[in-house]
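Report on the structure
So the chains spell out like this:
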Amino acid sequence: IEPAELTRKFSLSFWFLGDDKYGRKLIIFSSCCMPPSHQLNHHRLLEYLKYTLDQYVESDYTVVYFHYGLRSSNKPSLRWLREAYREFDRKYKKNLKALYVVHPTNFIRIIWNIFKPLISHKFGKKLTYVNYLAELREHLNYDQLIIPPAVLRHDEELRAAQKGGPPPPVKIPPPRPPLPTQQFGVSLQYIREKNNGELIPPVMCQTVSYLKRKGLKTEGIFRRSARVQLIKDIQKLYNQGKPVSFEQYSDVHVPAVILKTFLRELPEPLLTFTLYDQIQDFTKVESSLRASRCKRIVESLPEHNFIVVKYLICFLHMVSQESISNKMSSSNLACVFGVNLVWPPKGTISLGALAPLNIFTELLIEHYHTIFSSRCLPQQVLP
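Residues numbered from 1 in each chain as written. Predicted model: local features only at pLDDT ≥ 70, side-chain atom pairs only at ≥ 80, totals over all residues. Heavy atoms only, no water.

Looking up the protein in an unreviewed UniProt entry gives the name Rho GTPase activating protein 8, with the organism given as Pygocentrus nattereri.

1. Points about the overall build of the protein
Across its full length, the protein carries 18 helices and 5 strands. A burial count over the protein gives 51% of its 383 residues as buried. Sequence-distant contacts in the protein: of pairs separated by 6 or more residues, those separated by 24 or more amount to 79%. (Helix = DSSP H or I, 4+ residues; strand = E, 2+ residues; numbered from the N terminus. Buried < 20%, exposed > 50% of the residue type's maximum accessible area, 1.4 Å probe, protein only. Contact = heavy atoms within 4.5 Å.)

2. Brief notes about the environment of Pro36
With respect to the helices and strands, Pro36 occurs in the loop between β2 (25–30) and α2 (42–53). The sequence separation of Pro36 and Lys75 amounts to 39 residues, and the corresponding C-alpha distance is 7.8 Å. Sequence-distant contacts of Pro36, that is, excluding residues within four places in its chain, are made with Ser73 and Asn74.

3. With respect to the environment of Val339
Within the fold, Val339 resides in helix α16 (residues 330–341). Through-space distance from the C-alpha of Val339 to that of Lys25 is 9.8 Å; in sequence the pair is 314 residues apart.

4. So, the pairing of β2
In terms of burial, β2 is a largely internal element, 6 of the 6 residues being buried. A two-sided burial pattern is seen for β2, the buried positions comprising Lys25, Ile27 and Phe29 on one face and Leu26, Ile28 and Ser30 on the other.

5. Describing helix α10 (residues 228–239)
With 12 residues, α10 should cover 16 Å at 1.5 Å per step; its first-to-last C-alpha distance of 17 Å lies within 8% of that length. As for α10, its buried residues are in contact with α9 (202–214) and α11 (253–264). Gly241, located one to two residues past α10, shows a positive phi value of around 75 degrees. (Expected span 1.5 Å × (residues − 1).)

6. Observations regarding a positive patch on the surface
A grouping of Lys94, Lys97, Lys122 and Lys125 is seen on the molecular surface, where their side chains present a positively charged patch. For Lys122, a relative accessible area of 64% gives the class exposed. (Patch = residues over 30% accessible without salt bridge, like charges linked within 9 Å, V, L, I, M, F, W, Y side chains within 5 Å. Areas by Shrake-Rupley, 256 points an atom, 1.4 Å probe, with all protein chains shown as cover. Salt bridge = Lys/Arg side-chain N within 4 Å of Asp/Glu carboxyl O. Lys, Arg positive; Asp, Glu negative; His and termini not counted. Charge placed at Lys NZ, Arg CZ, Asp CG, Glu CD.)

7. Quick look at the environment of Ile108
Positionally, Ile108 belongs in helix α5 (residues 106–115). A residue is classified by how much of its surface remains accessible, and Ile108, at 14% relative accessible area, is buried. Separated by 41 residues in the primary sequence, Ile108 and His67 place their C-alpha atoms 8.4 Å from one another. Look past the residues within four positions of Ile108 in its chain and what remains in contact with it is Tyr65, His67, Val101 and Tyr129.

What follows is the structure, given as structure tokens:
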């Protein structure tokens, strides 16, 4: 199988879904989408896996593995699994914070026992077996997940078999109306109206201000996660209109995660749904013309979105200027922020859609002054 065809076939089973609730990259792998083993060069598959993951494993990340659909026809050999485990050295294992195995079978448990002597106790603690999809709601933003139809059907069959009848629909509580002080999960317009017309949302203003003073030289800024309960508590403070002081946490990664979480929970992305297709087509443009194309796309944003995007990218440009210290170049920042700036109106971002998104974001950051110079609005705010 040719490399391009391998990429196409394998990427159907491999998805990057931005960040989870706590600022960690979220990677989905679905066995049922794997092509038959005889169609794959497994050595090349391993190299492809490593090449793809290399873009993300410097950050904290979470993996969700949908086991249903792994059959004798597409199952890798034990020898290959052992080689893969050895190839994925400490760099890949260190920043993996959670591994959720959905619909585990006896095969999974046998494999785990075979490999147990090779697996560290610390790595073993990261594994969670998930018997039913509903259990994922405790750990992840369930609605963000791409779940193959075959996996959904299998889950219904398992629940029906457990109860001896048709499975009841999973109950989702109706959304509560937002508080007047709500900051997360509401639109830019809502926040502006409830904050005396302020153009930059308070969460962005406060996190950027703190990070500009304390975090510009921090190595790996925006790549680390923070304690789950702490992030929830800070979100609650913001949503209740209570003051938040990042000084008391003595950890620059806390406001960094809060900033990414805020962007990710906007009902419509900062770069809007309208521009998603234009950004996906961006790599069809000749390299020398991409900066000017990028500029035209950004200038078509609604005025308020343009002001907020300019504020954020101005700050990220500052971060990139300190990359000798913080190791966060424009390219590294793009890998972190691209998926938090735009996503499709339906579904989530596939592996193939990441490249144009990351290239576009990298250009925004690297050529900030060129791209944002001509549209100077009287109301604009900069960090």
